[in-house]
Amino acid sequence: MSAVVSNMNAPPSLLVNQLRLANHWVDFRLIGTKSNRDAIGARIRVKAGARTLIDEVRSGSSFDSNNDMRVHFGLGAAAKIDWVEVRWPTGLLEKF
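Just so it is clear, the structure is predicted and the values come from calculations on it, not from any experiment.

A. Up close: the overall build of the protein chain. Looking only at helices and strands, the protein chain features zero helices and eight strands. Taken over the C-alpha trace, the protein chain has a radius of gyration of 16 Å; the compact-globule value for 96 residues is 12 Å, which it surpasses by more than 25%. Structurally, the protein chain occupies a C-alpha span of about 45 × 35 × 15 Å along its principal axes. On the protein chain, roughly 7300 Å² of surface is accessible, and the fraction owed to carbon and sulfur atoms is 53%. Counting 13 positive and 9 negative side-chain charges, the protein chain places the centres of these two groups 6 Å from one another.

B. Geometry of the packing of aromatic side chains. One pass over the structure, following the stated rule, counts one aromatic pair. On the numbers, 6.1 Å between centres and 70 degrees between planes, the contact of F28 with F73 is edge-to-face. Of this pair, F28 sits in strand β3 (residues 24–28) while F73 sits in strand β6 (residues 71–76); the two residues are 45 residues apart in sequence, bridging distant segments of the chain. Judged by its relative accessible area of 4%, F73 falls in the buried class.

C. Here's a closer look at a nonpolar patch on the surface. Taken together, the side chains of V4, L14 and V16 define a hydrophobic patch exposed on the protein surface, amounting to about 310 Å² of accessible area. Along the chain, V16 falls in the loop between β2 (13–15) and β3.

D. Broad picture of the nonpolar core. Core analysis: the biggest nonpolar cluster contains 17 residues, and F28, L30, I44, V46, F73 and L75 have the highest contact counts within it. Of all the elements in the fold, those that place two or more residues in this core are β3, β4 (43–48), β6 and β7 (83–87). Beyond its immediate chain neighbours, meaning those up to four positions away, V46 contacts F28, R51, T52, L53, F73, L75, I81, W83 and V84.

E. Region of the structure containing the sheet that holds β7. Strand order across the open sheet formed by four strands is β5-β4-β7-β8, with antiparallel pairing between neighbours. If you trace the sheet from one side to the other, it starts and ends with β5 (51–56) and β8 (93–95), each paired once. Averaged over all pairs of adjacent strands, the angle between strand axes in this sheet comes to 15 degrees, irrespective of strand direction. Strand direction decides the pairing type here: β4 and β7, joined by five bridges, are antiparallel. Looking at β7, one finds that R43 is bridged to R87.

About the cut-offs
Note that residues are indexed from 1 along each chain, following the sequence as it is written. Totals for whole chains, interfaces and linings use all residues, but because this is a predicted model, local features are given only for residues with pLDDT of at least 70 and pairs of side-chain atoms are given and counted only at 80 or more. In computing side-chain values, all of the structure's heavy atoms are included and hydrogens and water are not. Helix numbering and strand numbering both begin at the N terminus, where a helix is a DSSP run of H or I of at least 4 residues and a strand a DSSP run of E of at least 2. Only C-alpha atoms enter the radius of gyration; for comparison, a globular chain is expected to reach 2.2 Å times N to the power 0.38, where N is the number of residues. For every accessible area listed, the method is Shrake-Rupley and the probe measures 1.4 Å; residues are considered covered only by the protein chains on display. For the charge count, each Lys or Arg is scored as positive and each Asp or Glu as negative, with His and the chain ends excluded. Note that the charge is assigned to NZ on lysines, CZ on arginines, CG on aspartates and CD on glutamates. Aromatic pairs are defined between Phe, Tyr and Trp rings, using the six-membered ring for Trp, whenever the two ring centres lie within 6.5 Å; interplanar angles under 30 degrees are classed as stacked, those over 60 as edge-to-face, and all others as tilted. Using a 1.4 Å probe on the protein chains alone, a residue whose accessible area is under 20% of its type maximum counts as buried, one over 50% counts as exposed, and one in between counts as partly exposed. Distance thresholds for patches are 9 Å for like charges and 5 Å for nonpolar side chains (Val, Leu, Ile, Met, Phe, Trp, Tyr), applied to residues having over 30% relative accessible area and no salt bridge. Think of a salt bridge as a Lys or Arg side-chain nitrogen and an Asp or Glu carboxyl oxygen that are within 4 Å of each other. By convention a nonpolar core is built from buried Ala, Val, Leu, Ile, Met, Phe, Trp, Tyr and Cys residues, the set being connected through side-chain atoms within 4.5 Å. Residue contacts follow a heavy-atom distance rule, with two residues in contact if any of their heavy atoms lie within 4.5 Å. Only strands that DSSP links by at least two bridges are regarded as paired with each other. For helices, the fitted line uses only the C-alpha atoms of the stretch in contact; every axis is such a line through C-alpha atoms, and the angle between N-to-C directions lies from 0 to 180 degrees.

Set out below in structure tokens:
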């Protein structure tokens, strides 16, 4: 993944990731229908092999910035996910 950095009083910087690893990752973009649309506060659990990973959708930024609302999990060498569980802010639990 590459990134563009907007520098103050200077041209933008392009950061290019040229490292190629055999590791895997997954990210989720949740959209709420019964809870808030941005799913802020939703907790995601991912089971991949022997690892269980947990994170939640967060919001927050500062002046002239933006945060990605996706939740990203690094899976390492695991090539598949056993299950995904989403606990919504309303308390609803979904398992995939």
